[in-house]
Amino acid sequence: MAEVKLEAQIRTEFGKGAARRTRRASLVPAVVYGHGAEPVHVTLPAHALMMALKTANVLISLDIDGKDALVIPKAVQRNPLKGDVEHVDLLTVKRGEKVNVEIAVHVEGDLAPGGNLLEYVQNTLLVEAEATHIPESVTVSIAGLDAGASVLAKDIPLPKGSVLAGDEDAVVLQVVAAQAEEPAAEGAEEGAEA
């Protein structure tokens with residue numbers, strides 16, 4: 001995974017008013033924390049941050065007033081109407097360090113014929129991976145699965161260097177039979193004949 005470089009400035013103003021002024025200046029308030037250090041309050045360029053966050057579990061190299069920090073996004077708050085990033089919590093990581101992250105689960109292949117439906121019980125999978133080699137997603141083959149079949153977390157092949165961090169017996173995907181409704185017209189006709 002490639003690193004994204006962003007420049008950050010230390011924040012000295014706090015509160016709603018300060019956050020609004022920061023956002024009007026096309027900046028996003030953020031907090032960098034981790035490794036037992038005091039949290040560092042910074043501002044990041046809004047557009048560059050938004051573009052970086054399009055990649056799941058992106059590795060960001062921050063330049064905070066001349067000091068470099070390697071971080072991953074831990075929590076992102078977005079405006080519910082516009083979708084703009086309003087605040088970000090960033091977790092400091094070191095090269096070679098293992099971190100627990102959620103990665104997306106994608107499927108490939110077709111289910112067995114017969115009108116079966118695929119249900120995602122979990123859209124993501126919790127894995128432990130090196131901070132500089134976090135996989136973006138995992139792909140699961142559902143080819144030929146029939147109603148009643150399920151895919152457990154332990155059955156999903158993980159990328160090299162990643163191990164499952166969550167419950168290995170958790171159901172991630174399951175195949176259910178499509179249920180057809182009885183036509184309403186038949187029930188109405190039977191009631192009319194009686």
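Everything here concerns the structure above.
Every value quoted in this text rests on a predicted model; they were computed, and no experiment measured them. (Residues numbered from 1 in each chain as written. Predicted model: local features only at pLDDT ≥ 70, side-chain atom pairs only at ≥ 80, totals over all residues. Heavy atoms only, no water.)

Mind showing me how you'd approach the environment of T12 here?
Tracing the backbone shows T12 in the loop between β1 (3-10) and α1 (16-24). Sequence separation of T12 and A165 is 153 residues, and the distance between their C-alpha atoms is 38 Å. (Helix = DSSP H or I, 4+ residues; strand = E, 2+ residues; numbered from the N terminus.)

Would you take a moment to explain the pattern of salt bridges for this structure?
Side-chain pairs of opposite charge can arise whenever the charged atoms involved come near each other. By the definition in use, this model includes two salt bridges. E13 is the partner of R21 in a salt bridge, and the nearest nitrogen-oxygen pair spans 3.6 Å. What makes R21 partly exposed here is its relative accessible area of 43%. Between D169 and K154 there is a salt bridge; the shortest N-O distance is 3.0 Å. (Salt bridge = Lys/Arg side-chain N within 4 Å of Asp/Glu carboxyl O. Buried < 20%, exposed > 50% of the residue type's maximum accessible area, 1.4 Å probe, protein only.)

Can you walk me through the sheet that holds strand β12 (residues 163-164) in this structure?
Through backbone hydrogen bonds, the strands of a sheet pair up, either in parallel or in antiparallel fashion. Read from one edge of the open sheet, four strands run β10-β7-β9-β12, paired in mixed fashion. The two strands at the open ends of the sheet, each matched to only one other strand, are β10 (137-141) and β12. The sheet contact formed by strand β7 (residues 98-108) and β10 spans five bridges and is parallel. Residue pairing across strands places E108 opposite S141, the latter belonging to β10. (Pairing = 2+ DSSP bridges.)

What is the right way to look at the pairing of strand β4 (residues 59-64) in this model?
Consecutive residues of a regular strand have side chains that alternate between opposite faces of the sheet. In terms of burial, β4 is a largely internal element, five of the six residues being buried. Across six bridges, β1 lies against β4 in parallel orientation. Bridge assignment links A8 to a residue of β4, and that residue is I64. In this structure, the hairpin formed by β4 and strand β5 (residues 67-78) is closed by a connection of two residues, where D65 is found at a positive phi of approximately 50°.

Please clarify how a positive patch on the surface should be interpreted in this entry.
Residues K16, R20, R23 and R24 make up a contiguous surface patch of positive charge. Positionally, R23 belongs in helix α1. (Patch = residues over 30% accessible without salt bridge, like charges linked within 9 Å, V, L, I, M, F, W, Y side chains within 5 Å. Areas by Shrake-Rupley, 256 points an atom, 1.4 Å probe, with all protein chains shown as cover. Lys, Arg positive; Asp, Glu negative; His and termini not counted. Charge placed at Lys NZ, Arg CZ, Asp CG, Glu CD.)

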